[in-house]
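Topology and contacts: notes
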Amino acid sequence: MSLHDKSLTQLRDGIQQGDFSSREVTEHFLARIKKHDAQLNSFISVTEERALQQADAADQARQKNQGGVLNGVPIAHKDIFCTRGIRTSCASRMLDNFISPYDATVVDKLGNAGIVTLGKTNMDEFAMGSSNETSFYGPVKNPWDLERVPGGSSGGSAAAVAARLAPAATGTDTGGSIRQPAALCGITGLKPTYGTVSRWGMIAFASSLDQAGPMARSAEDCALLLQNMVGHDEKDSTCLNRAVDNYLSDLDNDINGLTIGLPEEFFPADLNGNIADVTRKAIAELEKQGAKVVSISLPSVKLSVPTYYVIAPAEASSNLSRFDGVRYGYRCEDPSDLMDLYKRSRSEGFGDEVKRRILVGTYALSHGYYDAYYLKAQKVRRLIRDDFARAFEKVDVIAGPTSPELAFGLGAKKDDPITMYMADVFTIAVNLAGLPALSMPGGFIDGLPVGVQLIGNYFREGQILNAAHRFQLATDWHTQAPTFAGDI
Amino acid sequence: MQWETVIGLEVHVQLNTQTKIFSGSSTQVGAEANSQASLIDLGMPGTLPVLNREAVNKAILFGLAINADINRHSAFERKNYFYPDLPKGYQTTQLEHPIVGAGIVEIELADGRKKNVRIHHAHLEEDAGKSLHEDFHGMSGIDLNRAGTPLIEIVSEPDLSTSEEAVAFARKLHSIVTSIGICDGEMSQGSLRFDVNVSVRLKGEEKLGTRTETKNLNSFKFMERAIALEVERQIDVLEDGGTITQETRLFDADTNTARAMRSKEDANDYRYFPCPDLLPVNVSEAEIEALRDALPELPDTRKARFIEQYSLSSYDADMLAGDLNMANYFEAVVTQANDAKLAANWVTGELAARLNASDLNIQNSPVSATDLGQIIVRLKDDTISSKIAKQVLEACWNGEGSPDQVIEAKGLKQMSDSGELEKIVDQLIADNATQAQAYRDADENKRKKMFGFFVGQAMKATQGKANPQQINALLEKKLTQ
């Protein structure tokens, strides 16, 4: 088995046992990135020199029986996480020249665990998008079909993991940005309960919805990575102060008696029949292992897309105000005065989708419109949360398709934002409620992966990871590799 | 036409916490530009605020000092606007749910009249940085040391009707916030800044006139002048048949003029919304009670105590109790001198006059409370006369040493040796035989007038050091012999 086919867990064990060195593994992935990423465009920055230094340090640590639990294992970080001394662009021209002076808590924690950073992955600009086409650095291609999008916004992370350019990657999820690209690229990705992973150093899109999470090929690898990302951080007031759960200990538990709710709203009449079939088949596998399936209803969930597209842009319009050309980032040439500096720096530094959302958000918060939009959206948000709370009185896990469609063609929706926004119809409600959810590969249609979403109750990441792991023990959808990613 | 003025104040008070409201940076004033600006204060991508609980406690202390409702649940909002000294593009402040609710501040005017000024609320917020327009050759520099310094903004109801009342109110707030130790009170450094809302209306009119807001006044004197100027301007405009535009105005203390900065039409839409990076602030009843127990003496209580304990007049007590530093100084002098009446006279008289003339406040007095106390001690034990005491004070002011050193070095000790003084008196009567004879021939009334001449001669002969009581007695005896 080549190194890149090994799971994160296997790589970790192999380095620990001395089967191979961190340098060997790191060089192997760097070589694959060099060879294949010209086609995929999944990386914005490859930090080869630093990665090799970290790998050597990890190898030395191992010799002294030191090093963290992920000592020497290479992964990639979404370019939304601040990395000290490395460009942190958020895939925007605005931050093309921004070298972060500090590390995000996620980067810091994983670094302490011994992780080697291969580079920074491509994404939709400021995480705004569902196709990875809004990046200043160009679109990412789906490794299953280079004419198709990988999903977004964590499309670079998803494509890199699917193409075996990295065994795992970090992502962030505001409305589905981990789960939807994971689904479209055939990998496993988890968005934790809001407040589980620190947001310090993660460039904010919509603060009340943003959560970082792991993206890997299997639930087991996601659990391993997540375990090293979570924990209270006094630098983030919204990061919860509670004991860290053990996501690994219950992975193998049987799922006999687990109650899975299927919301009728996740299987609408106009849903692609094949996607519904694949999803039901995957759920049937869980049923075979003893899970009980019941029908439920989440009536307010149908309001989640418009609700999200008020709250997220509103917060974004404020969060992105700091990018003004004054202290860092892009500044226009020869501003004539302060207003000109603001207007042109922002007009030239932001892409169209970012500007669209800033405008929408600014409008929603404007005097006279606040009550009708922002306040109402917050009320609907509560209804959505209540729907889930009621459902979780009856079920342990809620399941359905992750995305209403397969990976779509590059450029197919670029000029139709509303259709694009509907790509997140099944994922957004989870962010509005703050719940944990994952997407796992559930099968294929016409050679394209289909993702199945499992939503857990608050802090029940362990439970959905357990269900996904049990599913993956019985199936091999998650081990499928796109054909182009052959050996080097 | 008879006009009536309506004034309301918005007062920004910098809280004297060690660190900023949302970051660990120091709040010290005077450091090199941008040396106290952390990643958070710079608004770096990905950074997040963490509330400094000390700022919350100080805001609560203020609320308790004015008997206000303390809101058990308050929340921060974002006020969005672009300005170079506002790094995040928004100010984190409170709007819908301020920490301090309605309260009352009692002011006392020069004629002894008292008035209650209602406080609408007081909220917590962060200060902005500073834009520096000099020394940058047509460009502007930004200093973010001040960005994130905690403020409370105190908003009064429009209960004030003269500039005198407004100043009395401002002074009272200054007195309260310094007395409870939440602000250093350094007006010249911007520790307290006043925005004044002014409108006028015809006497008897119920409806409020259109108001203007004059921003960022940082001295009582400027405030008084700015109000007078604005009242006069508004009346002129209205009497000429014009209308007042709701606008923000800037007062220029150098030229004693004000100009419109922006009108309501081009005011920002601040797009307030709850800050999603901060949790609501919850304060328990127990926390409030603990702060209430720790509340230092309030100026009104202190004034009453000074009147009671030191038998001061209401006027003296006002002067001494209003400012915490002044009060502490006074009480230190009393401790040293063991004479409250004399201590009050010297602090409010000679010392206050000198401080005023040099534009110094009591903290920077060149004469320490111990030294002033010692001067009073020497006055009381007849070592020096009160005239000499002023000389000693001046020498101490000029740094010439402690009172005793000065008295010794300059030979200012009062002459109380009666034998020596008798010789001097005999001599001066002999030297002024004509005047002495005239004195003896005069009646009681005339004698009174002439007596001063001999005292003057005696003081002249002793360079002022003669003990006045002894001289008086000797002269009276010798002149009538």
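Residues numbered from 1 in each chain as written. Chains lettered and ligands numbered in written order. Predicted model: local features only at pLDDT ≥ 70, side-chain atom pairs only at ≥ 80, totals over all residues. Heavy atoms only, no water.

1. Comments concerning the layout of surface pockets
All names here are of chain B. Size it by volume and the second largest pocket reaches roughly 2100 Å³. Along its surface, the second largest pocket is lined by 48 residues, and Arg-171, His-174, Phe-220, Met-319 and Asp-323 are the ones closest to its centre. Counting only elements with at least two residues in the lining of the second largest pocket, the list comes to strand 5 (103–108), helix 2 (163–179), helix 3 (220–239), helix 5 (299–310), helix 6 (314–321), helix 7 (324–337) and helix 8 (340–357). Element by element, the count of residues in the lining of the second largest pocket is highest for helix 2, at eight residues. Tallied by class, residues from the lining of the second largest pocket come to 18 nonpolar, 15 polar and 15 charged. Mapped onto the domain boundaries, the lining of the second largest pocket takes at least three residues apiece from domain 1 (3–288) and domain 2 (297–409). (1 Å grid on protein atoms, 1.4 Å probe; cavity = no way out; pocket = protein on both sides within 12 Å on 5 of 7 lines; lining within 4 Å. Points joined across faces, edges and corners; volume = space filled by probe spheres on them. Helix = DSSP H or I, 4+ residues; strand = E, 2+ residues; numbered from the N terminus. Nonpolar A, V, L, I, M, F, W, Y, C, P; charged D, E, K, R; others polar. Domains from an automatic or database assignment.)

2. Let's talk about empty space enclosed by the protein
Residues and elements named next belong to chain B. A complete count under the given rule lists five cavities of 30 Å³ or more for this structure. As for the largest cavity, its lining consists of 20 residues, of which Phe-22, Ile-40, Lys-88, Thr-92 and Glu-126 are closest to the centre. Of the residues assigned to the lining of the largest cavity, the class counts are nine nonpolar, four polar and seven charged.

3. A closer look at the interface of chain A and chain B
Taken together, the contact pairs 38 residues of chain A with 30 residues of chain B. Among the residues of chain A in contact with chain B, Ser-237, Arg-322 and Arg-327 of chain A are the three that bury the most area, contributing 22% of the side total. For the interface between chain A and chain B, the tally reads one salt bridge. Taking the shortest distance from any N to any O, the salt bridge between Asp-277 of chain B and Arg-199 of chain A comes out at 3.0 Å. (Contact = heavy atoms within 4.5 Å. Buried area = accessible area lost by both parts, 1.4 Å probe. Salt bridge = Lys/Arg side-chain N within 4 Å of Asp/Glu carboxyl O.)

4. Overview of the packing of aromatic side chains
Inspection of every chain in the model, using the stated rule, returns 29 aromatic pairs over all chains. Their ring planes at 80 degrees and their centres at 5.2 Å tell us that Phe-453 of chain B and Phe-454 of chain B sit as a pair that is edge-to-face. The partly exposed category is assigned to Phe-453 of chain B, whose relative accessible area is 34%. Judged by relative accessible area, which is 0%, Phe-454 of chain B ranks as buried. Taken together, the ring pairs in this structure connect Phe-98, Phe-126, Phe-323, Tyr-328 and Phe-350 of chain A into an aromatic cluster. Geometry around Phe-267 of chain A places Arg-280 of chain A over its ring, the cationic atom sitting 4.4 Å from the centre. Positioned over the ring face of Tyr-270 of chain B is Lys-79 of chain B, at 4.4 Å from the centre of the ring. (Phe/Tyr/Trp six-rings, centres within 6.5 Å; stacked < 30°, edge-to-face > 60°. Buried < 20%, exposed > 50% of the residue type's maximum accessible area, 1.4 Å probe, protein only. Lys NZ or Arg CZ within 6 Å of the ring centre and 35° of its normal.)

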